[in-house]
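# Observations on the model geometry
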Amino acid sequence: MIRAAIIISVALGGMMIGAAQAQQKLVSKLDGWKVQLDQPTNRYGHGIMGNVPEWGRMCLSGPNGQKACVVLPQNKVFEEMSPRLADVDLDGTPDVILVESDNRLGAALAIYLLRDDQLFCVATPKIGRANRWLAPIGVADMDGDGAVELAYIDRPHLAKTLRVWRFENDRLSEVVNLKGLTNHRIGQEFISGGLRDCGQGAEMITSDAAWQNIMATQLRNDRLQTRSIARFSKTKDFDAVLACKN
Ligand SMILES: [Ca+2]
Ligand SMILES: [Ca+2]
């Protein structure tokens, strides 16, 4: 389900640390479309993602020469380690989904849609405080109602709350939330789990709050049903779950 390939490109240059950092970028691809994060920065300085920097610019490019970029103002960064491409508004072309953080108000989940050669942003409210982050789970029509939902863990180290938002008519509305789930530990350069569909609809795969169990959570009638499906002992345990082996 998650087809975007993630490439971390770092120019390794011995003593050229500054130059290497300047060339750092993150790229994801889907169906001939590409999203690239670059202009690495530490101006926000949260540092929750290990050695992954924050990013000042995002560019989306398409198979027929489409290209548009967003350069964030100094008070904002993309606090992201794997920008996602998915068709959120169901117009047939991928949109960009990523975490955007404000230096006073913390993180929001942002969707950038390409309309008339411009990137148009729809975002959740910011968490409300600096250095408060969220970790995306995935994007899909999770309940089969024809509208796309987006899910993330709000403050994976603190609130540990799964939130599901629905995108309809260019607006986001929160459908439901559930405490006691997480998908990231401080300093990890990856998010654990994601989405799977093993034939019974989309399931959000995360850890429980204590990193004891891998949990599968489904959206049904705008409510969340969660269950433990495997013990958690190491990060690779998520691979078997995502491959429908549990
Ligand atoms: Ca779209
Ligand atoms: Ca839906």
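Please refer to the structure higher up on the page.
Residues numbered from 1 in each chain as written. Chains lettered and ligands numbered in written order. Predicted model: local features only at pLDDT ≥ 70, side-chain atom pairs only at ≥ 80, totals over all residues.

### Some thoughts on the overall build of the protein chain
Helix and strand counts for the protein chain stand at 2 helices and 19 strands. In terms of C-alpha radius of gyration, the protein chain reaches 17 Å, essentially the compact-globule figure of 18 Å for 246 residues. The principal-axis extents of the C-alpha atoms in the protein chain amount to approximately 45 × 40 × 35 Å. Considering the protein chain as a whole, with its 246 residues, one finds that 39% of them fall into the buried category. Counting contacts in the protein chain only where the partners sit at least 6 residues apart, residues at least 24 apart contribute 46% of the total. (Helix = DSSP H or I, 4+ residues; strand = E, 2+ residues; numbered from the N terminus. Rg over C-alpha atoms; globule rule 2.2 N^0.38 Å. Buried ≥ 20, exposed ≤ 12 C-beta atoms within 10 Å, placed from the backbone. Contact = placed C-beta atoms within 7 Å.)

### Focus: the environment of Gln23
Along the chain, the position of Gln23 falls in the loop between α1 (17-22) and β2 (25-30). Placed 17 residues apart in sequence, Gln23 and Pro40 show a C-alpha to C-alpha distance of 8.1 Å.

### Regarding the nonpolar core
In terms of nonpolar packing, the biggest core is built from 59 residues, with Met58, Val96, Ile97, Leu109, Leu134, Leu150 and Tyr152 touching the most fellow members. The element contributing the most residues to this core is strand β9 (residues 106-115), with 8 residues. If near-sequence neighbours (up to four positions away) are discounted, Ile97 is found in contact with Arg84, Ala86, Val88, Leu109, Ile111, Pro136, Val139 and Leu150. (Core = buried A, V, L, I, M, F, W, Y, C linked by C-beta atoms within 7 Å.)

### Points about unusual backbone geometry
Residues other than glycine seldom take positive phi values, yet Asn131 does so here, at roughly 60°. Here Asn131 shows up in the loop between β10 (118-123) and β11 (134-140). On the basis of neighbour count, Asn131 is assigned to the partly exposed category, with 15 C-beta atoms found within 10 Å. If you check the backbone angles, Trp211 has positive phi at about 55° while not being a glycine. The topology assignment puts Trp211 in the loop between β17 (202-208) and β18 (213-220).

### Description of the sheet that holds β11
The pairing of strands in a sheet comes from backbone hydrogen bonds and takes either a parallel or an antiparallel form. Strands sit in the order β11-β12-β13-β14 across an open sheet of 4 strands; the sheet is antiparallel. Edge positions in the sheet fall to β11 and β14 (171-179), since each of these pairs with one other strand and no more. Between one strand and the next, the sheet's axes are offset by a mean angle of 20°, whatever the strand orientation. By the bridge criterion, 6 bridges tie β11 to strand β12 (residues 148-154) in an arrangement that is antiparallel. When the sheet's bridge partners are listed, Gly138 is paired in β12 with Ala151. (Pairing = 2+ DSSP bridges. Axes fitted to C-alpha atoms, helices over the stretch in contact; angles between N-to-C directions.)

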